[in-house]
Amino acid sequence: MSRRSRLAWTGAHTRTGIIDAMANVTKRLVVLGAGTAGTMVANRLLKSLPDGWSITVVDKSDTHYYQPGYLFIPFGMLPPSKVTRPTRDVLAKGLDVVAGEIDRVDADANVVYLEGGRELPYDQLVIATGTSPRPDQTPGMDGPELHKSVGEFYTYEGAVALRDALKKFTGGRLVMHITEMPFKCPVAPLEFTFLAEDWLRKNGLRDKTELVFVTPLDGAFTKPVASRALGHLLKEKGISVETDFMIESVDQEAKVIRSYDEREIAYDQLVTVPLNMGADFVARSGLGDELNYVLVDKHTNRSTQYDNIWALGDASNIPTSKAGAVAHFSVEMFEENFLDAIAARPLSRSFDGHANCFVESGHGKALLLDFNYDTEPLTGTFPLAKVGPMSLLKESRINHIGKLAFRQIYWNMLLPGRNIPIPPEMRMAGKIPAEK
Amino acid sequence: MPMTTIAGHEVEVNEEGFLTKPEQWSEDLGAELAKLIGIDMTDEHWNLVRFLRKDYDVQHETATLRRVSTQTGKPVKDLFVLFPAKPAKKMAYVAGLPKPKGCV
């Protein structure tokens, strides 16, 4: 069957088909995933795509989660109700929203298959299905103590369960553990540790608790300069660090984690970042690497295999942080490139891997990091040279306030696709390269 | 970047001793680098190092431990036996490649 006749065949008798016929739709963009990247890109392109295009968004969940909020839930700093909104409220009217699980993409035929057999033909495809914690990938992690003495805060359920576990915590060994790189929001485990230290102090448990930070890396963070600054903070707060720890298994009965080189770390409460993986359908569709991240060009987010497939946000294999800020910066750049691509123009923008993140350091303070593919996190001020108001790589109260304010910016500006006054490319003005 | 001489080969290395120019590498040099970190190269070691070199040519990035394991079929545990304690770094070091990122 030719592609054109397949389009006619699958579309003619559906609601979408009728709407398409009325609006003279000849081209279809399908967006897989309505998380941070998928929602932003769909809302933005609805305004900027030329006539004749329809946008279909596929997601399995009817709830949109503000994921940066998960970090605060275990400490009672944010009620769980503040991190959710109905998906339909964050997606603009005019988008065709399909609820369903993705079975696979047939990239040669330009069709997405949903579980249950529904077919969604496309002219252009954006994969924004993110990355997910997979405790099932480490022996013993997925046992009966998961979400009890083996906690995590990378899911809504996990963050709420960890809040309940911490309420019962009376002291002992509290171990923050990272399974493997890369994972979503690489500073979050450090932030969790700093906030836990603060929380323990406030609850009179700090003296009775040994705080341990366990990482597969050789330091506190991936970027050497930031690693040094953050490593210093850990030391200052009396937190011990176990580096180069590649976990082999969790023993939930003995309450220890074991590494491949046969080290054992005991815990009373473990807080782990399970292995992160992209969606399984990416592997089934032959589009991903060994962790199911879509193989793309790191400057354009375009599939290295198919010109009409793009991956945005955590779903791609670009070598920068998996974080909302990266999703935001790359979506802005992608929008222009995508409009170029469908008009058969050369792509005008190139993404530099720009990431920035607030790092909660406890006691109502936070640091701010700003970096890209080639530049280490810098000191200085942000977003304006000398004026700031935020300072980079240094603890300050205003950075913490900035982090809290971000939730409103997320719901009201980023998701609806409004521009915020931070350019997608990293700028050097006001920044001082740190000594290596 | 500092220059150093390893078994008669003039090479450029970074502060951790990793080669900064993968093209300056040869199997001779690899054997010398292995000696420096106390590894006696067997066929099993060479298979992994050769995989790393080949993969780098295509990916322009050093394979992570997971990638080495899935692509070569060698269990991670075995990699820890062949290159004790820090297999990802040690394999990259012997192969004359940058230390694997996987880390951002």
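Here is what the cut-offs are and how they apply
- Sequence order as written defines residue numbering, which begins from 1 separately in each chain.
- In the order they appear in the text, chains get letters beginning with A and ligands get numbers beginning with 1.
- Restriction of local features to residues with pLDDT of at least 70 applies here, the model being predicted, together with a cutoff of 80 or more for giving and counting side-chain atom pairs; totals for whole chains, interfaces and linings are based on all residues.
- Excluded from the side-chain calculation are hydrogens and water; included are all heavy atoms of the structure.
- In this analysis the probe radius is 1.4 Å and the grid spacing 1 Å, with only protein atoms considered; a cavity is a set of points the probe fits into but cannot get out of, a pocket is an open set with protein on both sides within 12 Å along at least five of seven lines, and lining residues have an atom within 4 Å of a point.
- Grid points are joined across faces, edges and corners, and a volume is the space filled by probe spheres set on the points.
- The residue classification treats Ala, Val, Leu, Ile, Met, Phe, Trp, Tyr, Cys and Pro as nonpolar and Asp, Glu, Lys and Arg as charged. All others, Gly included, are polar.
- Counting from the N terminus, the helices are the DSSP runs of H or I reaching at least four residues and the strands are the DSSP runs of E reaching at least two.
- Each pair of strands is called paired provided DSSP finds at least two bridges between the two strands.
- Only protein chains enter the accessibility calculation, which uses a 1.4 Å probe; a residue whose area is less than 20% of its type maximum is buried, one above 50% is exposed, and one in between is partly exposed.
- Contact criterion: two residues are considered in contact whenever any of their non-hydrogen atoms come within 4.5 Å of each other.
- pLDDT measures how confident the predictor is about each residue, on a scale from 0 to 100.
- Two parts placed together each lose some accessible area under a 1.4 Å probe, and the buried area is that loss summed for both.
- Salt bridge, as applied in this entry: a Lys or Arg side-chain nitrogen positioned within 4 Å of an Asp or Glu carboxyl oxygen.
- The definition of a polar contact used here is a pair of N or O atoms within 3.5 Å, where within protein one atom must be able to donate a hydrogen and the other to accept one, and adjacent residues in sequence count solely through side-chain atom pairs.
- By convention here, the domain bounds are inherited from an automatic or database domain assignment.
- Lines are fitted to the C-alpha atoms to define the axes, a helix being fitted only along its stretch in contact, and any angle between axes, read from their N-to-C directions, falls within 0 to 180 degrees.
- By the definition adopted for this analysis, an angle is roughly parallel if under 35 degrees, roughly antiparallel if over 145, roughly perpendicular if from 65 to 115, and oblique otherwise.
- The sense of a crossing depends on the near helix, which, turned anticlockwise from the far helix by less than a right angle, makes the crossing left-handed and, turned clockwise, makes it right-handed.
- Any cysteine sulfur atom paired with another within 2.5 Å is treated as part of a disulfide.

K.L.:
Which residues make up empty space enclosed by the protein, and what are the values?
P.N.:
The rolling of a water-molecule-sized probe over the atoms marks out the regions of remaining empty space. Residues and elements named next belong to chain A. This structure, assessed with the given rule, holds three cavities of 30 Å³ or more. Counted as a void, the largest cavity has a volume near 60 Å³. Together, Gly 313, Asp 314, Ser 316, Ile 318, Thr 320, Ser 321, Lys 322, Ala 323, Val 326, Ala 327 and Ser 330 line the largest cavity. Of the residues contributing to the lining of the largest cavity, the split by class is four nonpolar, five polar and two charged. In this structure, the second largest cavity spans a volume of roughly 50 Å³. Looking at the second largest cavity, the residues that line it are Cys 185, Pro 186, Val 187, Ser 321, Ala 323, Ala 355, Asn 356, Cys 357 and Phe 371. The greatest single-element share of the lining of the second largest cavity, amounting to three residues, is contributed by strand β21 (residues 355–362).

K.L.:
Kindly report on the sheet that holds strand β12 (residues 172–178) of chain A, identifying the contributing residues and their values.
P.N.:
Whenever strands of a sheet pair, they do so through backbone hydrogen bonds, lying parallel or antiparallel. Residues and elements named next belong to chain A. The strand order β11-β18-β12-β13-β14 describes an open sheet built from five strands, whose pairing is parallel. Strand pairing shows two members of the sheet lacking a second neighbour, β11 (150–151) and β14 (240–242), which therefore form its edges. Pairing analysis gives five bridges linking β12 to strand β18 (residues 269–273), with the strands arranged parallel. From the neighbouring strand, Met 176 faces β18, where its bridge partner is Val 271.

K.L.:
So what's going on with the side chain of Glu 180 of chain A? Residues and values would help.
P.N.:
Mapped onto the elements, Glu 180 of chain A comes out in the loop between β12 and α6 (188–202). The class for Glu 180 of chain A is buried, based on a relative accessible area of 13%. Look past the residues within four positions of Glu 180 of chain A in its chain and what remains in contact with it is Pro 216 and Leu 275 of chain A together with Arg 66 of chain B.

K.L.:
Let's hear about the side chain of Ser 303 of chain A: which residues, and what values?
P.N.:
Tracing the backbone shows Ser 303 of chain A in the loop between α8 (280–284) and β20 (309–311). Residues within four places of Ser 303 of chain A in sequence aside, it is in contact with Leu 295, Val 296, Ile 309 and Trp 310 of chain A.

K.L.:
A description of the confidence of the model for chain B should follow, citing residues and the corresponding values.
P.N.:
Residue and element names in this part refer to chain B. Mean pLDDT over chain B stands at 91; residues scoring 70 or higher make up 96%. When mean pLDDT is taken per element in chain B, helix α2 (residues 43–59) scores highest with 96 and strand β1 (residues 3–6) scores lowest with 86. Here the prediction assigns the complex a pTM of 0.89, and the interface score ipTM is 0.84.

K.L.:
Outline the interface of chain A and chain B, supporting the account with residue identities and numerical values.
P.N.:
Each side of the interface is counted separately: chain A has 20 residues, and chain B has 17 residues. Buried surface at the junction of chain A and chain B, both sides included, amounts to about 1,600 Å², of which 55% is carbon and sulfur. Counting the surface chain A buries against chain B, the share from its top three residues, Asp 244, Tyr 260 and Glu 290 of chain A, is 35%. Along the contact surface separating chain A from chain B lie eight salt bridges. Its salt-bridge partner being Asp 218 of chain A, residue Lys 99 of chain B comes within 3.0 Å of it at the nearest N-O pair. At the boundary of chain A with chain B, the tally comes to nine residue pairs in polar contact (both at pLDDT 80 or more).

K.L.:
Let's hear about the domain arrangement of chain A: which residues, and what values?
P.N.:
Residue and element names in this part refer to chain A. Along its sequence, chain A is organised into domain 1 (3–130 + 279–342), domain 2 (133–276) and domain 3 (355–432). Domain 1 and domain 2 are separated by 32 Å when their C-alpha centres are compared. The interface is formed by 18 residues belonging to domain 1 together with 24 residues belonging to domain 2. Between domain 1 and domain 2, roughly 1,800 Å² of surface is buried when both sides are summed, and carbon and sulfur atoms account for 70% of that area. Together, Leu 71, Pro 74 and Phe 75 form the three largest contributors to the area buried by domain 1 at its contact with domain 2, with a combined 35%. Summed over the shared surface of domain 1 and domain 2, the result is one salt bridge. A salt bridge links Arg 134 to Asp 280, with the shortest nitrogen-to-oxygen separation between them at 3.2 Å.

K.L.:
Pulling in residues and values, what's your account of the packing of α6 of chain A against helix α7 (residues 224–236) of chain A?
P.N.:
Residues and elements named next belong to chain A. Remark: α6 packs on α7, axes separated minimally by 11 Å, with the N-to-C direction vectors making an angle of 25°. Classified by the interaxial angle, the pair formed by α6 and α7 is roughly parallel. Along this stretch, α6 crosses α7, giving a crossing that reads as left-handed. Contacts between α6 and α7 involve Leu 190, Thr 193 and Phe 194 on the former and, on the latter, Leu 230, Leu 233 and Leu 234. In terms of residue class, the contact of α6 with α7 is made up of five nonpolar, one polar and no charged.

K.L.:
Please provide a residue-by-residue account of the environment of Ile 102 of chain A, values included.
P.N.:
Residues and elements named next belong to chain A. Structurally, Ile 102 can be placed in strand β6 (residues 102–106). Ile 102 sits in the buried class, given a relative accessible area of 10%. As for Ile 102 and Gly 117, which are separated by 15 residues in sequence, their C-alpha atoms are 9.7 Å apart. Setting aside its immediate chain neighbours within four residues, Ile 102 contacts Leu 32, Val 58, Val 112, Tyr 113, Leu 114, Glu 115, Thr 129, Phe 281 and Arg 284.

K.L.:
Please give an account of the sheet that holds β6 of chain A that cites residues and values.
P.N.:
All names here are of chain A. The three strands lie next to each other as β6-β7-β8, forming an open sheet whose pairing is antiparallel. Among the strands making up the open sheet, the edge pair consists of β6 and β8 (119–121). Sheet twist, expressed as the average angle between the axes of neighbouring strands with direction ignored, equals 20°. In terms of strand pairing, strand β7 (residues 111–114) meets β8 through three bridges, oriented antiparallel. Counted as the bridge partner of Val 112 is Leu 120 from β8.

K.L.:
Describe the state of the cysteines, and please don't skip the residues or the numbers.
P.N.:
Disulfide: a covalent bond connecting the sulfur atoms of a pair of cysteines. Inspection of the entire model under this criterion finds zero disulfides over all chains. For the unlinked cysteine Cys 185 of chain A, the closest cysteine sulfur is that of Cys 357 of chain A, found at 6.4 Å.

K.L.:
Could you give an account of unusual backbone geometry, with specific residues and numbers?
P.N.:
With omega at -10°, the peptide bond leading from Met 181 of chain A into Pro 182 of chain A counts as cis. If you trace the backbone, Pro 182 of chain A turns up in the loop between β12 and α6. One non-glycine residue with positive phi stands out, namely Asn 110 of chain A, at about 60°. Its place among the elements puts Asn 110 of chain A in the loop between β6 and β7. We classify Asn 110 of chain A as buried; its relative accessible area is 14%. Despite not being glycine, Ala 85 of chain B has its phi angle at roughly 70°, a positive value. For Ala 85 of chain B, a relative accessible area of 37% puts it in the partly exposed group.

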